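Chains, contacts and geometry: an overview
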Amino acid sequence: MAEGTAGYRDILKAPHAARLLTGTLVGRLPNATAPVAIVLFTRAEGGSYSLAGGLAAVYGIATAIGQPLLGRAVDLHGQPRVQFPAAVVSALGMVLLAAVGIGALPLAYAAVAVAGVFTPPLEGGLRALWPGVLGREDRVHRAYAMDAVAQEVMFTVGPLLVTLLVSLWSAAAALLVINVIGVIGALSVVLSEPSRGWRSAPREAHWLGALRSPGLLALLGALFFVGLALGSITVAAIAYADDHGQESVYGWLMAALGLGALIGGTAYGARQWAGAPERRLRAIVALLALGYLPLALTPGVVAMTALAALSGVFLAPAIACAFIVVDRHAPRGTVTESFSWLVTTFGVGAAVGTAVAGPAVELGGTSWSFAVAGAGGIAAFLVLMTTQRVLAVPARSKGIAVAIPGSSENDRNGAAEPGFSSGREA
């Protein structure tokens, strides 16, 4: 583990690495906090929970639509021309919401739709930059794991920051501050040398873009169900807290889930892994499903918190391994779009899981809603099992291309696995 910790320090010491990781996380803060910020703002304006849920749903759907479209635009036109303008427009959408409130509902819905559609694909953009910044395959793998862990921390800390801002000032001020911070994060990324110099590999003109890859479609199908499982746990945890008459129980369960992901992701990235990542992903998702199943037992709070931590252990490794599989199956010149599709699919799955878990609670109680998570994990594993042959054939089998200063060809989309040759793509 000491070697792995040293490896993380080695990544952060690489030129531009800490700035890119921090800027991306800060730039994604508005997206990570939008659902809770929208709900708190709507309630502060006197709106119902139904209206708050509707506005949050519109934002989620708009984000799902915008991410792959903006990702394709980044691949075609570069990061600075797309990422920063999108961040500004998205922030202006939230500013409009804060200004008009819910008195004019069409404007409120339009505002959150604009904010969602123009959410910049910073997550996919960062993964497109890692090979040029870090060079070696093992360092890129570790960066993927560190990225997955950082996301879990951000999605835990972000909502807490929103609630703090609301308590200090107001819900409208929280919307404004969070989005200003997000624009600053995006600006930090696009002004960096790697972002300004990055160019996607030449791509084949095709209306399906990244979705013409069968392997990528198989992966997206599996990650949809992982997202479904995670989304259902959010609702199930609220129901469990209600059953025990303590709102704080929800926070404990979510914190335990995040802690498990932190431990699992850190351990996963601390070592090098041999063999095809597709095979490894199947094993990790199988363990993820097994971790979700005991939650349906809904034991006492202490035991349930421990089970929540255990269920989170394989989440970050699954996401980190999925990043590598995306690299291997993304068609040439579609790296940002491919990662954006992954973000979209996972988010849509989480939204579906949230929608399904609610009726499950009403029909069969809290245990049924946790059973939705187990079913999602099993479904993800079955997708990976039934698509083994498709996933066994990567789009390309070249190694990661190391970016050369001043080069316009920094996109690699190659197989990020030990044993493959490294070098710039021809």
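Residues numbered from 1 in each chain as written. Predicted model: local features only at pLDDT ≥ 70, side-chain atom pairs only at ≥ 80, totals over all residues. Heavy atoms only, no water.

Quick look at the overall build of the protein now. From N to C terminus, the protein includes 18 helices and zero strands. Out of the 426 residues in the protein, the part that is buried amounts to 54%. For the protein, contacts bridging at least 24 residues in sequence account for 81% of all contacts bridging at least 6. (Helix = DSSP H or I, 4+ residues; strand = E, 2+ residues; numbered from the N terminus. Buried < 20%, exposed > 50% of the residue type's maximum accessible area, 1.4 Å probe, protein only. Contact = heavy atoms within 4.5 Å.)

Between helix H16 (residues 335-364) and helix H17 (residues 366-386), whose axes approach to 6 Å, the crossing angle comes to 145°. The hand of the H16/H17 crossing is right-handed. Residues Val356, Ala357, Ala360, Val361, Leu363 and Gly364 of H16 pack against Thr366, Ser367, Trp368, Ser369 and Val372 of H17. For the contact of H16 with H17, the class distribution of residues is seven nonpolar, four polar and no charged. (Axes fitted to C-alpha atoms, helices over the stretch in contact; angles between N-to-C directions. Left-handed = near helix turned anticlockwise from the far one by under 90°. Nonpolar A, V, L, I, M, F, W, Y, C, P; charged D, E, K, R; others polar.)

Attention now goes to H17. Every α-helix carries 3.6 residues per turn, so stepping three or four residues along brings you back to the same face. Helix length check: H17, at 21 residues, gives a terminal C-alpha distance of 31 Å against a target of 30 Å (1.5 Å per residue), a fit within 8%. Turning to H17, its buried residues are Thr366, Ser369, Phe370, Val372, Ala373, Gly374, Gly376, Gly377, Ala379, Ala380, Val383 and Leu384. Those residues of H17 that are buried are in contact with helix H11 (214-243), helix H13 (277-292), helix H14 (301-312), H16 and helix H18 (388-391). (Expected span 1.5 Å × (residues − 1).)

What follows deals with the nonpolar core. With 79 residues, the main nonpolar core has Trp130, Leu134, Leu219, Leu223 and Tyr292 as its most contacted residues. It is H11 that provides the largest number of residues to this core, a total of 14 residues. Excluding residues within four positions of it along the chain, Tyr292 makes contact with Ala229, Leu230, Ile233, Ser311, Leu315, Ala373, Gly374 and Gly377. Counting residues in each nonpolar core, the second largest holds 25 residues, with Ala108, Val112, Ala171 and Leu175 among its members. (Core = buried A, V, L, I, M, F, W, Y, C linked by side-chain atoms within 4.5 Å.)

The next subject is a nonpolar patch on the surface. A cluster of nonpolar side chains, Val153, Val157, Leu259, Leu262 and Ile263, forms an exposed patch at the surface whose accessible area comes to about 410 Å². No other element matches the three residues that helix H12 (residues 248-269) contributes to the nonpolar patch. Structurally, Ile263 is set in helix H12. (Patch = residues over 30% accessible without salt bridge, like charges linked within 9 Å, V, L, I, M, F, W, Y side chains within 5 Å. Areas by Shrake-Rupley, 256 points an atom, 1.4 Å probe, with all protein chains shown as cover. Salt bridge = Lys/Arg side-chain N within 4 Å of Asp/Glu carboxyl O.)

Our next topic: the packing of helix H2 (residues 17-27) against helix H9 (residues 171-190). With their axes 7 Å apart at the nearest point, H2 and H9 run at an angle of 150° to one another. When the axes of H2 and H9 are compared, the pair comes out roughly antiparallel. The chirality of how H2 crosses H9 is left-handed. Between H2 and H9, the residues in contact are Arg19, Leu20, Gly23, Thr24, Val26 and Gly27 and Ile181, Gly182, Gly185, Ala186, Ser188 and Val189, respectively. (Parallel < 35°, antiparallel > 145°, perpendicular 65-115°, else oblique.)

Here we take up the environment of Thr336. Secondary-structure assignment places Thr336 in helix H16. Thr336 sits in the buried class, given a relative accessible area of 0%.

Glancing now at the pattern of salt bridges. Using the criterion set out here, one finds three salt bridges in the structure. The closest approach of N and O atoms between Glu123 and Arg28, which form a salt bridge, is 2.9 Å. Taken together, the positions of Glu123 in helix H7 (residues 122-134) and Arg28 in the loop between H2 and helix H3 (29-44) put the pair 95 residues apart, joining distant regions of the chain. Accessibility assignment for this pair places Glu123 and Arg28 in one class, buried. A salt bridge links Arg72 to Glu337; the nearest nitrogen and oxygen atoms lie 3.0 Å apart. Of the two residues, Arg72 sits in helix H4 (residues 49-77) while Glu337 sits in helix H16, which places them 265 residues apart along the sequence. Judged by relative accessible area, Arg72 falls into the partly exposed class, the value being 23%. Given a relative accessible area of 1%, Glu337 falls into the buried group.

Positive phi values are uncommon outside glycine, yet His16 reaches one of about 75°. Structurally, His16 is set in the loop between helix H1 (2-13) and H2. Its identity as a non-glycine residue notwithstanding, Thr298 has a phi of 40°, on the positive side. What makes Thr298 partly exposed here is its relative accessible area of 26%.

Attention now moves to the confidence of the model for the protein. Scored by pLDDT, the protein has a mean of 81; 88% of the residues are at 70 or more. Contacts from residues 397-426, a stretch scored under 50 in pLDDT, to residues over four places away or in other chains number 106 contacts. (pLDDT = per-residue confidence, 0-100.)

This part takes up the side chain of Glu278. Residue placement: Glu278 occurs in helix H13. For Glu278, the side chain forms a polar contact with the side chain of Arg328, separated by 2.8 Å. (Polar contact = N/O pair within 3.5 Å; in protein donor to acceptor, adjacent residues only side chain to side chain.)

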